[in-house]
Protein chains: 2
Amino acid sequence: MPRHNRDDRSTTRAIKNLILERGLRPGDPIPTEAELVEEIGVSRSSIREAVRTLVALDILQVRHGTGTFVGGLSLSPLVEGMVFRGVLMPGKNHQALRDVVELRRCLDLALEEQIVDALHGKDPSTLRTEVDAMLECAHRGDPITTHDRRFHLLLSECVDNQFYAQLVAAFWDIHQLVAPQLGVASTSDLQASARAHAGLLEAAVAGDSQRYREAIAAHYEPILRSLEAHSRA
Amino acid sequence: MPRHNRDDRSTTRAIKNLILERGLRPGDPIPTEAELVEEIGVSRSSIREAVRTLVALDILQVRHGTGTFVGGLSLSPLVEGMVFRGVLMPGKNHQALRDVVELRRCLDLALEEQIVDALHGKDPSTLRTEVDAMLECAHRGDPITTHDRRFHLLLSECVDNQFYAQLVAAFWDIHQLVAPQLGVASTSDLQASARAHAGLLEAAVAGDSQRYREAIAAHYEPILRSLEAHSRA
DNA sequence: GGTTATTTGTACGTATGTATG
DNA sequence: CCATACATACGTACAAATAAC
């Protein structure tokens, strides 16, 4: 009496259905592998392969020796895939990275109005803190990556769209993971970048849309220039 | 002499490195499982679990009885993850789907200039064909999904950004896969949607940015209205 | 068209590493 | 430190799909 599980798609479906039927939420534990074997009716190998698939999609998380849990449903698979694309296809001079940066810039411009509206006359201390830290780091020649990321994350939260915030984080991660191929940024680039972030915040709290759009251009100028330089090489 | 492969991360890395070192491209075959066992030095189970991970990310593709190949590096993992998010988190009235649609609209508006520039005075037959087919289908009350998708794909190719085109395709797929929860669209909605696409094309070939932006609004109006209706329910 | 070799899919058993109490 | 529960890894055998002869 052979089974007809063509591939692991049916097993992954079964696990996803199990999550839905029981109303599990991110962080909740799912049955152990042995229990899944019984409930779904396939071998342990198949369960494990299906779990791998769902872990890759951040639908599940596995803690060795502890158990398996519902994942964060983040955009991490997007990041991993795009990073690999970036290193696999360096053709046409980092076209993949350029595409990501261009799209980041487009989205920033498209949501300028919402962000300026949200920040006009506010000057939240969280954003200010990150900007000050960036200026300080750049002055010392230290990398500003952690503050840079937090700044953009905080900024993205001004828009009432969780998907947008996740995309911003994903784009930032992709950029950061692929950028090392371009070589390290100079101290002057660091300082210019820090000042660009300061300019973004200033313009937003001032409610100056025009200046905010110019600050976006200033923010991406060193990155795109670096990409241009590598295009000619 | 125990091995120190902590998890499948090292095995997936090994396979990815293999692809990079040999300069393989999407569609190229990679070694068989048995060969990978020898070359990487882990068991077949581990190889298979790593392959599952990479298949989920569309870095690999497996054909039963034939072999394993480099995948299309598409955004399919983004689609699968977001779709599951949409069905798992119906809270706040389809917030996830609304976020995706809103972002689609933002991107369309942000790239309006590039698309209008590319199409001004052109009126390409490929786009015209899809629009005519949509109008015809809507008139008969048939779904316009396939032509709708092709139209947006063709439109996205006017922008010189492969990532944008992939995102458009992914957003469309997410929308299409989650939307059935909202119930079927009426015939009048279908016809309105078909006319909206026609309006997009007309405005673009006329080089009329203002009208194009209005057409974008008309395009998303029925969708957002449907989402609103379900929010109040 | 049928046979066979190749390759992936499934199942099972066993031993080991890891976290919890 | 020990015992328990769980995930990790390995090896083997067989089933199913595909391709080539």
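Residues numbered from 1 in each chain as written. Chains lettered and ligands numbered in written order. Predicted model: local features only at pLDDT ≥ 70, side-chain atom pairs only at ≥ 80, totals over all residues. Heavy atoms only, no water.

The name given to chain A in an unreviewed UniProt entry is GntR family transcriptional regulator, with Luteococcus japonicus as the source organism.

The next thing to look at is the packing of helix H8 (residues 145–156) of chain B against helix H10 (residues 187–206) of chain B. Residues and elements named next belong to chain B. Running from N to C, H8 and H10 cross one another at 20°; their axes reach a closest spacing of 12 Å. Regarding the angle of H8 to H10, the classification is roughly parallel. Considering the relative orientation of H8 and H10, their crossing is left-handed. Where H8 abuts H10, its residues Asp 148, Phe 151 and His 152 lie against His 197, Leu 200 and Leu 201. Considering only residue class, the contact of H8 with H10 consists of three nonpolar, two polar and one charged. (Axes fitted to C-alpha atoms, helices over the stretch in contact; angles between N-to-C directions. Helix = DSSP H or I, 4+ residues; strand = E, 2+ residues; numbered from the N terminus. Parallel < 35°, antiparallel > 145°, perpendicular 65-115°, else oblique. Left-handed = near helix turned anticlockwise from the far one by under 90°. Contact = heavy atoms within 4.5 Å. Nonpolar A, V, L, I, M, F, W, Y, C, P; charged D, E, K, R; others polar.)

Once chain A has been moved 0.0 Å along the axis and rotated by 180°, it coincides with chain B to within an RMSD of 0.2 Å. The transformation relating the two chain copies, once decomposed into turn and shift, fits a two-fold axis. Interface overlap between copies is the fraction of interface residues in one copy that are interface residues in the other; for chain A against chain B it reaches 100%, indicating a shared surface. (Least-squares fit on C-alpha atoms with pLDDT ≥ 70 in both.)

So, on to the domain arrangement of chain A. Along its sequence, chain A is carved into domain 1 (8–70) and domain 2 (76–232). Inter-centroid distance (C-alpha atoms) of domain 1 of chain A to domain 2 of chain A is 36 Å. (Domains from an automatic or database assignment.)

In this complex, chain A contributes 43 residues to the contact, which on the side of chain B involves 43 residues. Interface of chain A and chain B: buried area, both sides summed, is about 4,300 Å²; carbon and sulfur atoms make up 69% of it. The interface formed by chain A and chain B includes eight salt bridges. A salt bridge links Arg 52 of chain B to Glu 49 of chain A; its shortest N-O distance comes to 3.3 Å. Between the two partners, chain A and chain B, sit 18 residue pairs in polar contact (both at pLDDT 80 or more). Secondary-structure elements contributing two or more residues to the side of chain A that touches chain B are helix H1 (8–21), helix H3 (44–56), helix H4 (76–88), helix H5 (91–110) and helix H9 (162–178) of chain A. When its residues are assigned to classes, the side of chain A that touches chain B shows 27 nonpolar, five polar and 11 charged. (Buried area = accessible area lost by both parts, 1.4 Å probe. Salt bridge = Lys/Arg side-chain N within 4 Å of Asp/Glu carboxyl O. Polar contact = N/O pair within 3.5 Å; in protein donor to acceptor, adjacent residues only side chain to side chain.)

Residue and element names in this part refer to chain A. Sheet topology note: the strand E1 (residues 29–30)/strand E3 (residues 67–70) ladder contains two bridges and is antiparallel. In the strand pairing of E3, Ile 30 is matched with Thr 68. Strand direction decides the pairing type here: strand E2 (residues 60–63) and E3, joined by four bridges, are antiparallel. Pairing of Arg 63 across the sheet is with Gly 67, part of E3. In this structure, the hairpin formed by E2 and E3 is closed by a connection of three residues, where Gly 65 is found at a positive phi of approximately 80°. (Pairing = 2+ DSSP bridges.)

Residue and element names in this part refer to chain B. Here we have three strands laid out as an open sheet, ordered E1-E3-E2, and antiparallel in their pairing. With partners counted over all chains shown, the strands left at the sheet margins are strand E1 (29–30) and strand E2 (60–63), one partner each. The strands that helix H3 (residues 44–56) touches are E2 and strand E3 (67–70); relative to E2, the one it contacts most, it runs at about 115°.

The next subject is the packing of aromatic side chains. Enumeration according to the criterion identifies two aromatic pairs over all chains in this entry. When the ring centre of Phe 69 of chain B is taken as origin, the NZ or CZ atom of Arg 63 of chain B, which lies over that ring, is 4.0 Å away. (Phe/Tyr/Trp six-rings, centres within 6.5 Å; stacked < 30°, edge-to-face > 60°. Lys NZ or Arg CZ within 6 Å of the ring centre and 35° of its normal.)

All names here are of chain B. In this structure, Arg 104 sits in helix H5 (residues 91–110). The side chain of Arg 104 is buried and forms no salt bridge, while Asp 108, the nearest opposite charge, is found at 5.2 Å. At a separation of 3.2 Å, a polar atom in the side chain of Arg 104 contacts the side chain of Tyr 220. Setting aside residues no more than four positions away along its own chain, Arg 104 makes contact with His 152, Phe 171, Trp 172, His 175, His 219 and Tyr 220. (Buried < 20%, exposed > 50% of the residue type's maximum accessible area, 1.4 Å probe, protein only. Lys, Arg positive; Asp, Glu negative; His and termini not counted.)

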